[in-house]
Amino acid sequence: MKIVGERFDTHSALLERYRDYLQLLARLRVGRRLQGKLDPSDLVQLTLLRAHQALDQFQGTEECERAAWLRKVFATTTADEVKRYSRGKRDVRLERSLLTLLDETSMRLETWLAVDQSSPSQQVLRQEQLVLLAEALAAMPEDQRQAVELHHLGGYSVADVGLQLGRSKAAVAGLLRRGLRGLRQRLDTNGQR
C-alpha cells in the first residue's frame, strides 16, 4: 500500500508543478472570455483534479507530452464549464477551438523563449523553461504581469494594453520595462537553483 501512496504523491507533485503554467494559459486565453463567470484559479483547480483522476489515461513519459495532455484536459474542462454556464449541449467545436487556442498560446510562449530545440532532452528543457516562465510571471506584481502577458504573450499593442489596463501608453511602457527587468532577474535566479 505504501508504494501506491508514494506513486500518488509523485503524480500529485508532477501535476502541481504545472499550476502556474495552467494559470498563465487561463489568464491569456480563457480569463477574458469567461470573465465574471469563472475564476481562472477555480478552472485550474478543477483541471488538476480531473487530471489526477484520469492519470491512468496518460500514456506519455516526457514533460512535453504531460504538458500537451494537461492542455487537453484543461480545454475539455473549460468547454464543460462554458457549457455549464450556457446550459447548452456539448459543443465539440468549442473544445477543439479552445484546444487550438491553448496550443497557439503554448507555441507563442515557446517562441517568446526563442528556443529552437527538437531532441527529446531539449523538449524536456523547453517545457521546464515554460514552467519556470509561468512561475516567474506568477511572482510578479499584478500590473507588470498583466502588461507583459498582454503585450508579449497575448500580442496586444501597447495602446491596446493601455486601454485594457486603464493606463496611458507611457505608463504601460514603464510597466513593460520594469516587468521585463524583474522577469529576467527571476528567471536568472530560478535558473541558478
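Our subject in this report is the structure included herewith.

Calculation rules
- In every chain, residue numbers begin from 1 and rise along the written sequence.
- Local features in this predicted model are restricted to residues whose pLDDT is 70 or higher, and side-chain atom pairs enter the listing and the counts only when it is 80 or higher, whereas totals over whole chains, interfaces and linings include all residues.
- The basis for every side-chain value is the complete set of non-hydrogen atoms in the structure, without hydrogens or water.
- Segments assigned H or I by DSSP are reported as helices when at least four residues long, segments assigned E as strands when at least two residues long, and all are numbered from the N terminus.
- Buried residues are those whose accessible area, probed at 1.4 Å on protein chains only, stays under 20% of the maximum for their type, while exposed residues exceed 50% and partly exposed ones sit between those limits.
- We call two residues contacting when some pair of their heavy atoms lies within 4.5 Å.
- Per-residue and other accessible areas follow the Shrake-Rupley method at a 1.4 Å probe size, with only the shown protein chains counted as cover for residues.
- By convention in these notes, a salt bridge is any Lys or Arg side-chain nitrogen within 4 Å of a carboxyl oxygen on Asp or Glu.
- Side-chain rings of Phe, Tyr and Trp (the six-membered ring for Trp) are treated as a pair once their centres are within 6.5 Å; stacked means planes under 30 degrees apart, edge-to-face means over 60, and tilted covers the remaining angles.
- Note on geometry: axes are C-alpha line fits, over the in-contact stretch for helices, and angles between N-to-C directions span 0 to 180 degrees.
- What sets the label is the angle itself: under 35 degrees gives roughly parallel, over 145 gives roughly antiparallel, 65 to 115 gives roughly perpendicular, and the rest give oblique.
- Handedness of a crossing follows from how the near helix is turned relative to the far one, being left-handed for an anticlockwise turn of less than a right angle and right-handed for a clockwise one.
- In this classification, Asp, Glu, Lys and Arg are treated as charged, Ala, Val, Leu, Ile, Met, Phe, Trp, Tyr, Cys and Pro as nonpolar, and every other residue, Gly included, as polar.

### A few points about the overall build of the chain
Line of reasoning, step 1. Scanning the chain from terminus to terminus reveals 9 helices and 0 strands.
Line of reasoning, step 2. In sequence order, the chain lays out its α and β elements as α-α-α-α-α-α-α-α-α.
Line of reasoning, step 3. Counting all 193 residues of the chain, 38% fall into the buried class.
Line of reasoning, step 4. Counting only contacts in the chain whose residues sit at least 6 apart along the sequence, the fraction spanning at least 24 positions is 69%.
Line of reasoning, step 5. For the chain, the accessible surface area stands at approximately 11,000 Å², while carbon and sulfur atoms represent 50% of it.

### Remarks on the pattern of salt bridges
Line of reasoning, step 1. A complete count under the given rule lists 6 salt bridges for this structure.
Line of reasoning, step 2. With a closest N to O distance of 2.3 Å, glutamate 142 and arginine 145 form a salt bridge. Of the two residues, glutamate 142 and arginine 145 both sit in helix 7 (residues 142–153), 3 residues apart, roughly one turn of that helix.
Line of reasoning, step 3. Residue arginine 145 is classed as buried on the basis of its relative accessible area, which comes to 6%.
Line of reasoning, step 4. Note that glutamate 149 and arginine 145 form a salt bridge whose closest N and O atoms lie 2.8 Å from each other. Residue glutamate 149 and its partner arginine 145 are both found in helix 7; the two are separated by 4 residues, about one turn of the helix.
Line of reasoning, step 5. Each of the salt bridges in this network shares a partner with another, and the network as a whole consists of Arg27, Glu142, Arg145 and Glu149.

### What to know about the packing of aromatic side chains
Line of reasoning, step 1. Tallied over the full model, the rule gives 2 aromatic pairs.
Line of reasoning, step 2. With centroids separated by 6.1 Å and ring planes inclined at 75°, the aromatic side chains of tyrosine 18 and tyrosine 21 adopt a geometry described as edge-to-face.
Line of reasoning, step 3. Of the residues examined, tyrosine 18 reaches a relative accessible area of 1% and is grouped as buried.
Line of reasoning, step 4. By relative accessible area, tyrosine 21 is classed as buried at 1%.
Line of reasoning, step 5. Ring geometry for phenylalanine 58 versus tryptophan 69: centroids 5.2 Å apart, planes at 45°, classification tilted. With a gap of 11 residues between them, phenylalanine 58 in the loop between helix 3 (40–53) and helix 4 (63–86) and tryptophan 69 in helix 4 connect regions that are remote in the sequence. You'll find phenylalanine 58 and tryptophan 69 in the same group, each marked buried.

### Comments concerning the side chain of glutamine 144
Line of reasoning, step 1. Inspection of the secondary structure assignment puts glutamine 144 in helix 7.
Line of reasoning, step 2. The class for glutamine 144 is buried, based on a relative accessible area of 13%.
Line of reasoning, step 3. In contact with glutamine 144, other than residues within four places in its own chain, are Leu175, Arg178 and Gly179.

### A closer look at the packing of helix 7 against helix 8 (residues 158–165)
Line of reasoning, step 1. Running from amino to carboxyl end, helix 7 crosses helix 8 at an angle of 140°, the nearest separation of the two axes being 10 Å. As far as their axial angle goes, helix 8 and helix 7 are oblique. Our pair here, helix 7 against helix 8, has a crossing hand that is right-handed. Across the interface between the two elements, Asp143, Gln146, Ala147, Leu150 and His151 of helix 7 pack against Val158, Val161, Gln164 and Leu165 of helix 8.
Line of reasoning, step 2. Split by residue class, the contact of helix 7 with helix 8 holds 5 nonpolar, 3 polar and 1 charged.

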